[in-house]
Amino acid sequence: MMIFLALLIGVIAGLRAMTAPAAITWAASLGWLDVSQTPLAFIGYKWTPLILTVLALGELITDKLPGTPSRKVPVQFGTRLASGALSGAAIGASAGLLAFGLVAGIVGAIIGTYGGAAVRARLATSFGRDLPAALIEDAVAVVGALLIVAAVS
């Protein structure tokens, strides 16, 4: 089950790169996800959730700007892979499966990046503009991340 949740948090990272680690850091700092005795203990530190929450909120805003590059360009894609890897590894580490969680998070990030882009493009076409599609994607990412961390606890 934890590997499946690691895959799902990777999908969230593919949708919104900073939402997944922000949710994971809150789960760790609240004691829902025990990574204290792992190499990822830093995600439960006092300031980590606050910093990643600010980054996640910034991403939710900048995603709507016309100059924001595609999530599929190398820097954006790499960020999503790293975010999915970190988030998936944290879920896996809580069950003693860090490496499996890391791989599942990367696979999920690939799925979320390409699948999210395709779904958003279709939604934008059906709405005739991108903003409603982007807001729906935001809601899916935030609610999905919350449901995943609730399932982990």
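This text gives an overview of the structure that appears in the document. If you're wondering where the values come from, they're calculated on a predicted model, not measured in any experiment.

This brings us to the overall build of the chain. Of the regular secondary structure elements, the chain holds six helices and zero strands. Walking the chain from its N terminus toward its C terminus, one meets helices and strands in the order α-α-α-α-α-α. A compact globule built from 153 residues should have a C-alpha radius of gyration of about 15 Å, and the chain, at 15 Å, falls within 12% of that. Oriented by its inertia axes, the alpha-carbon framework of the chain measures out at about 50 × 25 × 25 Å.

Moving on, we get to the packing of helix H4 (residues 74-93) against helix H5 (residues 98-127). Two numbers describe how H4 lies on H5: the axes approach to 6 Å, and their chain directions differ by 140 degrees. In terms of their interaxial angle, H4 and H5 are classed as oblique. The two elements H4 and H5 cross, and the hand of that crossing is right-handed. The residues of H5 that touch H4, namely those facing Phe77, Arg80, Leu81, Gly84, Ala85, Gly88, Ala89, Gly92 and Ala93, are Leu98, Gly101, Leu102, Gly105, Ile106, Ala109, Ile110, Thr113 and Tyr114. For the contact of H4 with H5, the residue count by class is 11 nonpolar, six polar and one charged.

Moving on: the side chain of Arg120. Note that Arg120 resides in helix H5. On the accessibility criterion, Arg120 (9% relative accessible area) is buried. Separated by 3.1 Å, the side chains of Arg120 and Glu137 make a polar contact. Excluding anything up to four places from it in sequence, Arg120 contacts Arg16, Asp63, Arg71, Asp130, Ala133, Ala134 and Glu137.

Here we take up the nonpolar core. Formed by 25 residues in total, the largest nonpolar core has its most connected members in Ile9, Ile12, Ile24, Leu33, Val35, Ala90 and Ile91. Only helix H1 (2-15), helix H2 (19-29), H4 and helix H6 (131-152) provide two or more residues apiece to this core. Beyond its immediate chain neighbours, meaning those up to four positions away, Ile24 contacts Ile9, Leu33, Ile43, Ser87, Ala90, Ile91 and Val149. Counting residues in hydrophobic clusters, the runner-up holds five residues, among them Ala17, Ala22, Leu52 and Ala56.

Looking now at the layout of surface pockets. Estimated volume of the largest pocket: approximately 390 Å³. Along its surface, the largest pocket is lined by 21 residues, and Asp63, Thr68, Pro69, Arg71 and Arg120 are the ones closest to its centre. Of all elements in the fold, only helix H3 (48-62), H4 and H5 reach the threshold of two or more residues within the lining of the largest pocket. In terms of residues, the lining of the largest pocket owes the most to one element, H5, which gives four residues. Of the pockets and cavities examined, the second largest pocket occupies roughly 220 Å³. At the level of secondary structure, the elements contributing two or more residues to the lining of the second largest pocket comprise H2, H3 and H6. No other element matches H2, which puts five residues into the lining of the second largest pocket. A per-class count over the lining of the second largest pocket returns 13 nonpolar, two polar and no charged.

Given a rise of 1.5 Å per residue, 30 residues ought to cover 44 Å, and the 41 Å separating the end C-alpha atoms of H5 matches this to within 8%. Against H1, H4 and H6 lie the buried residues of H5. Positioned one or two residues after H5, Gly128 has a phi angle of 85 degrees, which is positive.

Conventions adopted
Residues numbered from 1 in each chain as written. Predicted model: local features only at pLDDT ≥ 70, side-chain atom pairs only at ≥ 80, totals over all residues. Heavy atoms only, no water. Helix = DSSP H or I, 4+ residues; strand = E, 2+ residues; numbered from the N terminus. Rg over C-alpha atoms; globule rule 2.2 N^0.38 Å. Axes fitted to C-alpha atoms, helices over the stretch in contact; angles between N-to-C directions. Parallel < 35°, antiparallel > 145°, perpendicular 65-115°, else oblique. Left-handed = near helix turned anticlockwise from the far one by under 90°. Contact = heavy atoms within 4.5 Å. Nonpolar A, V, L, I, M, F, W, Y, C, P; charged D, E, K, R; others polar. Buried < 20%, exposed > 50% of the residue type's maximum accessible area, 1.4 Å probe, protein only. Polar contact = N/O pair within 3.5 Å; in protein donor to acceptor, adjacent residues only side chain to side chain. Core = buried A, V, L, I, M, F, W, Y, C linked by side-chain atoms within 4.5 Å. 1 Å grid on protein atoms, 1.4 Å probe; cavity = no way out; pocket = protein on both sides within 12 Å on 5 of 7 lines; lining within 4 Å. Points joined across faces, edges and corners; volume = space filled by probe spheres on them. Expected span 1.5 Å × (residues − 1).

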